[in-house]
Amino acid sequence: MITVDNIDISTRRRVLTIIILLAFIILFLRLYQLQLLSHTEFGKKSEENSVRVVVKEPVRGYMFDRTGRLVVDDGPAYSITVTPAMFDTNNLAFLSSLLQVDPALIQARINRGRAYSRFSPVRVVRDIDFKTLSKVEENLYLLPGVSYDVESKRLYPFNVRAPHLLGYCKEITDAQLARSGSIYQQGDLVGSSGLEASYETFLRGEKGYEFISVNSKGQLLGPLEGGRRDVPSKEGFDLILSIDFSLQAFAESLMTNYRGALVAIDPNDGGVLAMVSKPDFDPAIFSGVTSSEVWTELNTDPDKPLFNRATMTRYPPGSTFKMLVAAAGLEEGIIDEHSHITCGGSFRLGRKVFKDMHVHGSVNVVDAIHRSCDVFFYQLILKVGLDKLQEYGNRFGFGKPTGIDIGDETSGLIPSTEYYDRVYGKGKWTQGNLVSLGIGQGEIGVSPLQMAQYVAALANGGTLVQPHAVNSIRNKRTNKLDNIDHHEIPVWLTSEVMSMIREGMRRVVEEPGGTGGLARISGVVSAGKTGTAQNPHGADHAWYVGFAPFDQPKIAIAVMLENAGTGGAKAAPIAGMVMEKYLFGELRRKVANHNSQTHIQDTTVRTTEQGIQ
Amino acid sequence: MFSYFKEYFDFRAFFICLALVIIGLVSIYSATFDINNAANFHRQTLWAGVGFIAMVITSFVPLRTLQRLSMVFYSIVMIILAVVLVIGSTVKGSKSWFGLGGLGGQPSEFAKITTVLAFASYLSRTDVTLSRLKHLAIALCIFAAPMFLILAQPDLGTTIVFFVALLPLLYWAGASNFILIAILVPILAAGGALLGTTQFLIAVVIGAILLYVFRENRFTVAVAFGITLAVGLSVQVIYEHMHVYQQKRISTFLNPEADPLGSGYNVVQSKIAIGSGGFFGKGFLKGTQTQLNYIPEQWTDFIFCVTGEEFGFIGASIVLGLFAALLLHALRIAAISKNKFGSLTAIGILGIFGTHIIFNIGMSMGLMPVIGLPLPFLSYGGSSLVANMMMVGLLMNFYANRKEY
């Protein structure tokens, strides 16, 4: 069907020889054309060439707060660059005297850049001030190979620090560079903590490139082909935060003299309104150059300012945990609204005696929350048991990360049977180990963020909302706002149980005999619970969790102060003031009503507010 | 003594290969001494040593053994190609690297020669003839199977090598002009389909005319035309269902000038490098284009412009001359070999080398589209150097045994 040509081998060889020779003659003619006929043209091009590719840094995305104010801005920063191949090392001393930088440091940077390419400029000093820049600029003609670059740096127009939340950018490490592929280059800044790190892919934008003709001496001749090949940089996307920066500034001022954390969230959607961790540092110190002394100082400070106490600490919650134990008892039918006990001021289990602060007499569950009766919960936890405690703990978000979008957070700890078996050995722990869990002491670890999530669920009537600091992202290409979805999980409490617990919390603040009176906000009914976590290493940690207004909550808050004393005296007034400020936009309470320390803090509040408005 | 030696030792293949490897090492040294202290040069020198050993071994394997084992080699490489698709690491967007401990290799480099060996081994069986449709189909499948696996990586360059090398092989094996046309036309239609509907229609019309001119009977013309339409239409449908980034990759391939940072920029710089070399060249390590690293990773696909810039028209002509001599020598071995297996394999090697050389040098001088094909013996790359030197070893083998039936 298909015939095979029976042409002989020599014909086929001749045909293939002709094809090969033809192909090579074409290649040879092209070579002749390029190298001999057009040699002058290409030779000139190569001498002028030569093209330098200049990277255009994109503008990093801005951040706006929930009221639409620009809170993280981008401004120009000047860097001095050196092209290793063109730099005369005899000028090193002169350059270092102009920049007032150790010549060894400049040399080290040049050497590092040389390892990549002798002909690409390396940044030797970042973010120099304008005076130094003009000094260098005047002397540029004496310094071949030296140039400067305009980059961007973060500016923080508000009198707000929030370093753990906003995060900072750092020069990319060699390891990150190796992982990232071609997106980054040596010397690029990359978000390395907080929102700057979590949203790096959105914030960073896309680099642009300009092709510039340069002669063989490195002098700029102008854009290649009139700039037609240039690729403009693309701006990074903006973040619209859930944070209210007036509130953030106010909360930071209240926390100034403490070690501790404060987290305020919108119980309706989980948006973080304010997040404070003290002591902290000014994020602006990372926006330009960061000297190694500053780093060492921050890293070795015994108060650990780099540590985000709002998300990373694991302390027992103290009495603020009682609502959870009550919820488990009520929901599981172990107790009801009528169940009551008689509190004699202590609880005996075997030979061990567990103390209460007061003798509360006959109390039911609402009273027990209201007056923080320990004996009630000592007895209740024994009936609830470890497994149910863990189940309800998990329902309220304890023992696992909240999923907040600012990076590292602790899972905390809710003990389980396996946990006790592992720590004490099987059968070597007793009910006695359980008793203190009933009042939130012992082997429980929670972060202030988890506590805020927990109290928000009590505020909104039973939904665990995912805390988040970014509400939406403005896409700079389409100029549209992309909302971010966050998960919301019901905690499955019946409304009767929920209203009993909330009533207890209301009485804590609003009724005599409650421990949270200092959190009271005039004109609004609020609810809350104080806690004082025993600390084997020193003074107690003070806790307060609460929300307001009682009927239609707009803010839920958790305050934790390390070694500050009781929650009612120290944490409650701070929480009250922050909620008041958020609900009314100003502080209505008389400063004189509070102790002298609050008075000092309130003066700082005023100055801060002037800075904002 | 010397005449005996000359009878069995293929001086020409050996010294052409040696000269090209040395020119390659010099060019790689020049392109990389500044970037990583010529680490690539040292590695490539080591690979040249490995390649030399492989060359000696392949030049001594008895022809019968080679012929018998070629299906085994072919199967092994096919399995590795399939495995690479699943677990291979991705280099520059395509899955073609095979890691074995610290050793990495590109099996597709070896797939080319093993496929040629399998094809030659099959067609040199006395009961096989291309005039039988079944045998033709099997022979084509031997080529098509690795081609599709490599296309899936996706490595378009190597796929093209397979396709172009197949044509002289079929021709040498005695296929009629009609068969060759019938294979070319569907590819023409596929290419047209990627460019647009008008181009597709033009390709179909040209294909129909060609098929008619070289017709053997109506039935085969109809079948070939049917295949052409089916291939063209399915390419169009597949293209429309691709991701945007996949479509972009194809359009960049078809029109590199549209991507200023990518291949278009490289071609402009490559032409400047070669053109500015002039007659004598700028001298070793003195090429400004090369030393200023205008072309990224010049030591791989764009190595020819290092030679062109630093050694000028003289150096580049020598390289062209050596390559032409190598191809003509392979053709001569194929023609004088009394052994059909050796003869066909030599043509296959000619096809592989020829495609690489013409596409690569053509690309460096702006005559061909930019597809990632290394220049044999000159470009940096261990697998490719070793595979190429093995092929020269085979040529030497066929030369020594040219009188064996």
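Residues numbered from 1 in each chain as written. Chains lettered and ligands numbered in written order. Predicted model: local features only at pLDDT ≥ 70, side-chain atom pairs only at ≥ 80, totals over all residues.

1. Re the overall build of chain B
Phase 1: Each helix and strand counted, chain B has 16 helices and three strands in total.
Phase 2: Relative to its full complement of 405 residues, chain B shows a buried share of 50%.
Phase 3: Taking as baseline every contact in chain B between residues at least 6 positions apart, the subset at least 24 positions apart corresponds to 70%. (Helix = DSSP H or I, 4+ residues; strand = E, 2+ residues; numbered from the N terminus. Buried ≥ 20, exposed ≤ 12 C-beta atoms within 10 Å, placed from the backbone. Contact = placed C-beta atoms within 7 Å.)

2. Let's talk about the overall build of chain A
Phase 1: Check the secondary structure of chain A and you find 21 helices and 23 strands.
Phase 2: Here the analysis covers contacts within chain A between residues at least 6 apart in sequence; of these, 72% occur between residues at least 24 apart.

3. A closer look at the packing of helix α4 (residues 63-87) of chain B against helix α5 (residues 107-123) of chain B
All names here are of chain B.
Phase 1: It is at 8 Å that the axes of α4 and α5 come closest, and there the two elements cross at 145°. Seen along the crossing, α4 lies across α5 with a hand that is left-handed. Taken together, the residues of α5 that come into contact with α4 (itself represented by Q67, S70, M71, F73, Y74, V77, I80, L81 and V84) are P107, S108, F110, A111, T114, T115, L117, A118 and S121.
Phase 2: For the contact of α4 with α5, the class distribution of residues is twelve nonpolar, six polar and no charged. (Axes fitted to C-alpha atoms, helices over the stretch in contact; angles between N-to-C directions. Left-handed = near helix turned anticlockwise from the far one by under 90°. Nonpolar A, V, L, I, M, F, W, Y, C, P; charged D, E, K, R; others polar.)

4. Regarding the sheet that holds strand β11 (residues 260-265) of chain A
Sheet strands associate in pairs through backbone hydrogen bonding, adopting either a parallel or an antiparallel arrangement.
Residues and elements named next belong to chain A.
Phase 1: The strand order across the open sheet formed by five strands is β12-β11-β23-β22-β21, and the pairing between neighbours is antiparallel. If you trace the sheet from one side to the other, it starts and ends with β12 (272-278) and β21 (527-533), each paired once. Neighbour-to-neighbour, the strand axes of this sheet turn through a mean angle of 5°, independent of strand direction.
Phase 2: Against the sheet, helix α18 (residues 448-459) engages β11, β22 (541-548) and β23 (555-561), with an angle of about 145° to β23. (Pairing = 2+ DSSP bridges.)

5. Points about the environment of M363 of chain B
All names here are of chain B.
Phase 1: Relative to the helices and strands, M363 is located in helix α15 (residues 340-364).
Phase 2: Judged by C-beta crowding, with 25 C-beta atoms within 10 Å, M363 ranks as buried.
Phase 3: In the structure, M363 is positioned 59 residues away from F304 in sequence and 9.7 Å away in space, judged by C-alpha atoms.
Phase 4: Excluding residues that lie within four positions of it along the chain, M363 makes contacts with M368 and V370.

6. Here's the deal with the pairing of strand β15 (residues 352-355) of chain A
Consecutive residues of a regular strand have side chains that alternate between opposite faces of the sheet.
Residue and element names in this part refer to chain A.
Phase 1: In terms of strand pairing, strand β14 (residues 346-349) meets β15 through four bridges, oriented antiparallel. Bridge pairing in β15 links R348 to V353.
Phase 2: Hairpin connection from β14 to β15: two residues lie between these consecutive antiparallel strands, with G350 at a positive phi of about 60°.

7. Describing the nonpolar core
Phase 1: If you look at the biggest cluster of nonpolar residues, it comprises 124 residues, and the most contacted ones within it are L262, V263, A264, V455, I557, V559 and V578 of chain A.
Phase 2: Top element by residues in this core is helix α15 (residues 374-395) of chain A. It accounts for ten residues.
Phase 3: Leave out the neighbours within four places in its chain, and L262 of chain A touches A251, M255, A274, V276, P448, V559, I574 and V578 of chain A.
Phase 4: Core analysis: the next-biggest nonpolar cluster, separate from the first, contains 123 residues, A165, A173, L188 and V392 of chain B among them. (Core = buried A, V, L, I, M, F, W, Y, C linked by C-beta atoms within 7 Å.)

8. Quick look at the confidence of the model for chain B
All names here are of chain B.
Phase 1: Of the residues in chain B, 87% reach a pLDDT of 70 or more, and the chain-wide mean stands at 85.
Phase 2: Within chain B, no element has a lower average pLDDT than strand β3 (residues 103-105), which sits at 49, and none a higher one than helix α14 (residues 303-336), at 95.
Phase 3: Note that residues 99-104 has pLDDT below 50 and, in this model, four contacts with residues that lie over four places away or in other chains.
Phase 4: Among the scores for the predicted complex, ipTM is 0.91 and pTM is 0.59. (pLDDT = per-residue confidence, 0-100.)

9. Some details on the confidence of the model for chain A
All names here are of chain A.
Phase 1: The share of residues in chain A with pLDDT of 70 or more is 90%, and the mean pLDDT across the chain is 85.
Phase 2: Taken as a whole, residues 1-6 scores under 50 in pLDDT and shows 19 contacts with residues more than four places along the chain or in a different chain.
Phase 3: Across residues 592-613, where pLDDT falls below 50, the model places 24 contacts with residues more than four positions away in sequence or in other chains.

10. A closer look at the pairing of strand β18 (residues 470-475) of chain A
Residues and elements named next belong to chain A.
Phase 1: The pairing of strand β10 (residues 238-241) with β18 spans four bridges and is antiparallel. The residue bridging I240 from the neighbouring strand is S472, located in β18.
Phase 2: Counted between consecutive antiparallel strands, the loop separating β18 from strand β19 (residues 480-483) contains four residues, among which N479 sits at a positive phi close to 60°.

11. A word on the environment of L189 of chain A
Residues and elements named next belong to chain A.
Phase 1: Within the secondary structure, L189 is located in strand β7 (residues 189-191).
Phase 2: Along the chain, L189 and E151 lie 38 residues apart, while their C-alpha atoms are 9.9 Å from each other.
Phase 3: If sequence neighbours within four positions are ignored, L189 has contacts with C169, K170 and E171.

12. Considerations on helix α10 (residues 218-240) of chain B
All names here are of chain B.
Phase 1: Under the 1.5 Å per step criterion, the end-to-end length of α10 is 33 Å for 23 residues, consistent within 8% with the ideal 33 Å.
Phase 2: Of all the residues in α10, the buried ones are A224, T228 and G232.
Phase 3: Where α10 is buried, its residues contact α8 (177-195) and α9 (197-213). (Expected span 1.5 Å × (residues − 1).)

13. Examining the packing of α14 of chain B against α15 of chain B
Residue and element names in this part refer to chain B.
Phase 1: It is the contact of α14 with α15, at a shortest axis distance of 9 Å, that shows an interaxial angle of 160°. Here α14 lies roughly antiparallel to α15, going by the angle between them. In this structure, α14 meets α15 at a crossing whose hand is left-handed. Packed against α14, whose contacting residues are F304, C305, F323, L326, L327, A330, L331, I333 and A334, the element α15 presents S343, A346, I347, I349, L350, F353, G354, I357, N360, I361 and S364 at the interface.
Phase 2: In terms of residue class, the contact of α14 with α15 is made up of 16 nonpolar, four polar and no charged. (Parallel < 35°, antiparallel > 145°, perpendicular 65-115°, else oblique.)

14. Quick word on helix α3 (residues 39-60) of chain B
All names here are of chain B.
Phase 1: In this model α3 runs 33 Å from its N-terminal to its C-terminal C-alpha over 22 residues, within 8% of the 32 Å that 1.5 Å per residue would give.
Phase 2: Where α3 is concerned, the buried positions are N40, F41, Q44, W47, A48, G51, A54, M55 and S59. All buried residues of α3 fall inside an arc of 135° around its axis, so they share one side. Relative to its buried face, α3 has exposed residues pointing more than 90 degrees away, namely A39, L46, G49, V56, I57 and F60. (Arc of directions from axis to C-beta.)

15. Some remarks on unusual backbone geometry
Residue and element names in this part refer to chain A.
Phase 1: That bond from K278 to P279 is cis: its omega, -5°, falls within 30 degrees of zero.
Phase 2: Turning to its location among the elements, P279 is positioned in the loop between β12 and α11 (292-300).
Phase 3: For the bond from A548 to P549, the omega torsion is -15°, close enough to zero to count as cis.
Phase 4: Summarising the element assignment, P549 is placed in the loop between β22 and β23.
Phase 5: In the Ramachandran plot, A162 falls in the positive-phi region, its phi being about 40° despite a non-glycine side chain.

16. Here's the deal with the environment of L20 of chain B
Residue and element names in this part refer to chain B.
Phase 1: Positionally, L20 belongs in helix α2 (residues 11-32).
Phase 2: For L20, a count of 22 C-beta atoms within 10 Å gives the class buried.
Phase 3: Remark: the alpha-carbon pair of L20 and L378, spanning 358 residues in sequence, is separated by 6.6 Å.
Phase 4: Setting aside anything within four residues of it in sequence, one finds L20 in contact with L322, F377 and L378.

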